[in-house]
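# Secondary and tertiary structure notes
One letter stands for each residue in the lines below.
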Amino acid sequence: MNINLTLFAQMIAFAVFVGFCMKFIWPPIVTALAERKAKIAEGLAAAERGHQEKALGEQRALVLIKDAKAAAADIVAQAQKRATEIVEEAKADARSESGRVVAAAQAEIDRETNRAREELRERVATLAVAAAEKILQKEIDIKAHKGLVESFAKQL
Amino acid sequence: MAASETLTSQAYIQHHLTNLTLGVHPEHGFGFAHSSAEAAEMGFWAINVDTMFFSILLGYLFIWFFRRVAEQMTAGVPGGAQNFVEWIVDFVEENVRGSFTAKNPLVGPLALTIFAWVFLMNLMDLIPVDLIPHLFGQLMSLFGADPHHVFLRIVPTTDPNATFGMALVVFGLVLYYSFKMKGVGGFARELTMQPFGKWGMPANLLLEGISLLSKPLSLALRLFGNMYAGEMIFILIALLYGSSMVLNITGGMLQFVWAVFHILIITLQAFIFMVLTIVYLDMAHQEHH
């Protein structure tokens, strides 16, 4: 309980402890703490940036999707228009083609009819001559009567 | 041990309040004091071996543990010990940042050392009062010493030498930074020109001088008084033991309650010593306050 030399010894001990703490303990700990603080702040900032970028990207994606949808709708409409056009064209083509075919067939029929008529006419003429020969039982000069017969046949 | 026939209550208390003093006695020569009276007769040129031993041991413990952690310090994920150390350092640094406005790399480590060291020294108070002194007495009796005259106080902060030692170092720093920051003239002006202006100079000097000198006194005596009183109560409780079962149980309960309460006191006293040191040094750095 007496004040004695212990006082000075304690002062020296205290000063030594403080000095040691100041030189070897405090700086590394405080430096590490500050470093970690900076790291955390950096990480938080990065996360914040990431969030912002994500939101931006989402927005951009939305715009892109909208554009793409519009383009697709455009393309579909065009395709439909084209399809109807093609169908119309095909219809028109088919119509004209069928007209042509019908006309050709008609011409053929006409030609055949004419040919058949000619042939028939000739046959009838021959037949008529033969029949007349048989009926008259006498020789008829074909050449002399040909004009007559032909005029007759033409009336058929 | 308290109620053994050879010891009266007064002797028991006296025993616990005497340091293990090593010095030169005018009659017995160099050696350990055998009584508090002898210790007093040794005068200034004596040293309290127990105070020195335990304070340096605890200070070394603090230095060793913190240095070990500081060496493996990482800014990454901290381990258990590092977490603990960071928690304390962060707490101290926050207090320094809150109360100390100037820039001084000394204040942080100073505050940390004070807090940790004072706390550890106070913590010795929670060890049962008789345990270590009794064991030490028995040990010394092996070397032929009388255990009743072997003194040991294991709580360095109940020795005014320890508390005044720290307080005087802090006071020295306060004076040093007062002179350094304000200059001799500035510091003298601060002591003499306020609060009453230049015609009240003697009164100013008296008031400011008292307020300046009260700084180390209040620091040292507050810590010493609290720890001394706490220790005294532990000693008084310890006196209850040994006479009857009822008193034993009562004493045990009282000791437990007082120890629990004391946990608060030892932490608080360490904290107050730290905060006041920071505040005093802040005032020393301020141009006007």
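### Digging into the overall build of chain A
In terms of regular secondary structure, chain A is built from two helices and zero strands. Whereas a compact globule of 156 residues would reach a radius of gyration of roughly 15 Å, chain A reaches 61 Å, over 25% beyond that. Overall size of chain A, expressed as C-alpha extent along the three principal axes, is 190 × 20 × 20 Å. Relative to its 156 residues, chain A shows a buried fraction of 10%.

### Remarks on the sheet that holds strand β2 (residues 29-32) of chain B
Residue and element names in this part refer to chain B. Pairing is antiparallel across the open sheet formed by three strands, whose spatial order is β2-β1-β3. The sheet is open, and its two edges are formed by β2 and β3 (46-48), each paired on a single side. Put simply, the sheet's adjacent strands are angled 15° from each other on average, direction ignored. Pairing of strand β1 (residues 21-25) with β3, which is carried by three bridges, proceeds in the antiparallel orientation. Across the sheet, the residue bridging to leucine 22 is isoleucine 47, located in β3.

### Section: the interface of chain B and chain A
Contacts between the two partners involve 41 residues from chain B and, on the opposite side, 29 residues from chain A. At the level of elements, α2 (36-41), β3, α3 (49-71), α4 (80-99), α5 (107-123) and α7 (160-192) of chain B are the ones that each hand at least two residues to the side of chain B that touches chain A. At nine residues, α3(B) tops the list of elements feeding residues into the side of chain B that touches chain A. Taken together, the residues of the side of chain B that touches chain A sort by class into 27 nonpolar, nine polar and five charged.

### Things to note about the confidence of the model for chain B
Residues and elements named next belong to chain B. Within chain B, residue pLDDT values average 85, and 97% of them lie at 70 or more. In this model residues 1-5 is a low-confidence stretch, pLDDT under 50, and it forms nine contacts with partners more than four residues away in sequence or in other chains. Taken together, the chains of this predicted complex give a pTM of 0.74 and an interface ipTM of 0.86.

### Observations regarding the nonpolar core
If you look at the biggest cluster of nonpolar residues, it comprises 73 residues, and the most contacted ones within it are A:Ile29, B:Ala111, B:Ile114, B:Phe115, B:Trp117, B:Val118 and B:Val170. Put simply, the parts of the chain that give this core at least two residues each are α1 (6-136) of chain A together with β3, α3, α4, α5, α7, α8 (201-239) and α9 (245-285) of chain B. For this core, the element with the highest residue contribution is α5(B), accounting for twelve residues. Excluding residues within four positions of it along the chain, B:Trp117 makes contact with A:Phe17, B:Leu58, B:Gly59 and B:Phe62.

### Considering the environment of B:Ile233
All names here are of chain B. Residue placement: isoleucine 233 occurs in helix α8. Overall, isoleucine 233 belongs to the partly exposed group, with 16 C-beta atoms counted inside 10 Å. Separated by 25 residues in sequence, isoleucine 233 and tryptophan 258 place their C-alpha atoms 8.2 Å apart.

Definitions and cut-offs
- Residues numbered from 1 in each chain as written.
- Chains lettered and ligands numbered in written order.
- Predicted model: local features only at pLDDT ≥ 70, side-chain atom pairs only at ≥ 80, totals over all residues.
- Helix = DSSP H or I, 4+ residues; strand = E, 2+ residues; numbered from the N terminus.
- Rg over C-alpha atoms; globule rule 2.2 N^0.38 Å.
- Buried ≥ 20, exposed ≤ 12 C-beta atoms within 10 Å, placed from the backbone.
- Pairing = 2+ DSSP bridges.
- Axes fitted to C-alpha atoms, helices over the stretch in contact; angles between N-to-C directions.
- Contact = placed C-beta atoms within 7 Å.
- Nonpolar A, V, L, I, M, F, W, Y, C, P; charged D, E, K, R; others polar.
- pLDDT = per-residue confidence, 0-100.
- Core = buried A, V, L, I, M, F, W, Y, C linked by C-beta atoms within 7 Å.

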